[in-house]
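As a plain string of letters, each chain reads:
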Number of protein chains: 2
Amino acid sequence: MPTDTVKVKVIVTLKPTLLDAQGRVVKSALHSLGYSAVNQVRIGKYMELEISRATAGDAAALDATVKEMCDRLLVNPVIENYSFEVTE
Amino acid sequence: MPTDTVKVKVIVTLKPTLLDAQGRVVKSALHSLGYSAVNQVRIGKYMELEISRATAGDAAALDATVKEMCDRLLVNPVIENYSFEVTE
């Protein structure tokens, strides 16, 4: 039975060419704890949006809306990349 | 050809029972922009770890190590849940 909302999972990551200061700190913390096998850590954001199916329209419309929300608010396109996935 | 590192993607989310203040702010910002179909936003963290395959051991050992890293440093088990996925 389909629910009346769709869940969209958005992952936002810093562009690979940019220095991830937070990631470097976490990496050295992991090294201090003895996890020396960790070569790199990069930190990003994760967002879960619940969107009502009735207003969202079909899959293509929903995709377009999520892209627009990312471009307009959720993501800084100058320094970040994003990907998203629609689940039920 | 297998690379010499594995990539582990960790998603950390606030426990569902906790109020996500940041998510509420993003939700009302989305509403102000006209995206009224958004019912809920929850914000989490995303981490990408690169672990050298030689030191990591087999899949079970790697899983155990990542769990340990999450429990010891990356996640606050009092307020957060996590899940991870190992990719090549």
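Residues numbered from 1 in each chain as written. Chains lettered and ligands numbered in written order. Predicted model: local features only at pLDDT ≥ 70, side-chain atom pairs only at ≥ 80, totals over all residues. Heavy atoms only, no water.

**Q** Sorry if this is basic, but what is going on with the overall build of chain A here?
**A** A tally of regular secondary structure across chain A gives three helices and three strands. In chain A, which comprises 88 residues, the proportion classed as buried is 36%. Of all intrachain contacts in chain A linking residues separated by at least 6 positions in sequence, the fraction that spans at least 24 positions is 73%. Surface exposure of chain A reaches about 5,000 Å², of which carbon and sulfur atoms provide 55%. Where the 10 positive side-chain charges of chain A centre and where its 11 negative ones centre are 10 Å apart. (Helix = DSSP H or I, 4+ residues; strand = E, 2+ residues; numbered from the N terminus. Buried < 20%, exposed > 50% of the residue type's maximum accessible area, 1.4 Å probe, protein only. Contact = heavy atoms within 4.5 Å. Areas by Shrake-Rupley, 256 points an atom, 1.4 Å probe, with all protein chains shown as cover. Lys, Arg positive; Asp, Glu negative; His and termini not counted. Charge placed at Lys NZ, Arg CZ, Asp CG, Glu CD.)

**Q** Help me understand helix α1 (residues 21–32) of chain A, please; the structure alone is not making it clear to me.
**A** Residues separated by three or four positions in an α-helix point in the same direction, a consequence of the helix having 3.6 residues per turn. With twelve residues, α1 of chain A should reach 16 Å at 1.5 Å per residue; the first-to-last C-alpha distance of 17 Å fits that figure. Within α1 of chain A, the full set of buried residues consists of Gly23, Val26 and Leu30 of chain A. In an axial view of α1 of chain A, the angular spread of the buried residues amounts to 65 degrees, which keeps them on one side of the axis. In α1 of chain A, the exposed residues that point more than 90 degrees away from the buried face are Arg24, Val25 and Ser32 of chain A. Along its buried surface, α1 of chain A packs onto β2 (38–52) of chain A together with β2 (38–52) and α3 (59–74) of chain B. Two or three places before Gln22 of chain A, at the start of α1 of chain A, stands the capping residue Asp20 of chain A, its side-chain oxygen 3.3 Å from that residue's backbone nitrogen. (Expected span 1.5 Å × (residues − 1). Arc of directions from axis to C-beta. Polar contact = N/O pair within 3.5 Å; in protein donor to acceptor, adjacent residues only side chain to side chain.)

**Q** How should I be thinking about the side chain of Thr5 of chain A in this particular structure?
**A** Structurally, the position occupied by Thr5 of chain A is in strand β1 (residues 5–14). For Thr5 of chain A, a relative accessible area of 17% translates into the label buried. Apart from the residues within four sequence positions on either side, Thr5 of chain A is in contact with Glu50, Ile51, Ser52, Arg53 and Glu88 of chain A together with Asn39 of chain B.

**Q** Looking at this structure, how should I read the interface of chain A and chain B?
**A** A common measure of how large an interface is: the accessible area buried when the components associate. The interface is formed by 31 residues belonging to chain A together with 31 residues belonging to chain B. On the chain A side of the contact with chain B, Tyr35, Tyr46 and Glu50 of chain A bury the most area, a combined 21% of that side's loss. Taken together, the connections running from chain A to chain B amount to zero salt bridges. Counting across the chain A and chain B interface gives 14 residue pairs in polar contact (both at pLDDT 80 or more). Elements supplying a minimum of two residues to the side of chain A that touches chain B: β1, α1, β2 and α3 (59–74) of chain A. Per-element accounting of the side of chain A that touches chain B gives the leading share, 15 residues, to β2 of chain A. Partitioned by chemical class, the residues of the side of chain A that touches chain B number 17 nonpolar, eight polar and six charged. In the sheet, β2 of chain A pairs with β2 of chain B via 13 bridges, with the strands oriented antiparallel. (Buried area = accessible area lost by both parts, 1.4 Å probe. Salt bridge = Lys/Arg side-chain N within 4 Å of Asp/Glu carboxyl O. Nonpolar A, V, L, I, M, F, W, Y, C, P; charged D, E, K, R; others polar. Pairing = 2+ DSSP bridges.)

**Q** In this structure, what is going on with the pattern of salt bridges? I would like to understand it.
**A** Charged atoms that come close allow side chains of opposite charge to pair. Residue and element names in this part refer to chain A. One pass over the structure, following the stated rule, counts four salt bridges over all chains. Measuring nitrogen to oxygen at the nearest pair gives 3.5 Å for the salt bridge that ties Lys45 to Glu80. In this pair, Lys45 sits in strand β2 while Glu80 sits in strand β3 (residues 80–87), placing the two residues 35 residues apart along the sequence. A relative accessible area of 13% means that Glu80 is categorised as buried.

**Q** Just checking my understanding: could you explain the relation of the copies chain A and chain B for this structure?
**A** For the pair of chain copies, the relating operation is a rotation around an axis with a shift along it. The operation relating chain A to chain B is a screw motion whose rotation component is 180 degrees, with 0.0 Å of axial translation and a residual RMSD of 0.0 Å. Such a turn and shift between the copies fits a two-fold axis. Among all C-alpha atoms of chain A, that of Lys45 of chain A lies closest to the rotation axis, at 2.3 Å. A share of 100% of interface residues in chain A that are also interface residues in chain B marks the association as one of identical surfaces. (Least-squares fit on C-alpha atoms with pLDDT ≥ 70 in both.)

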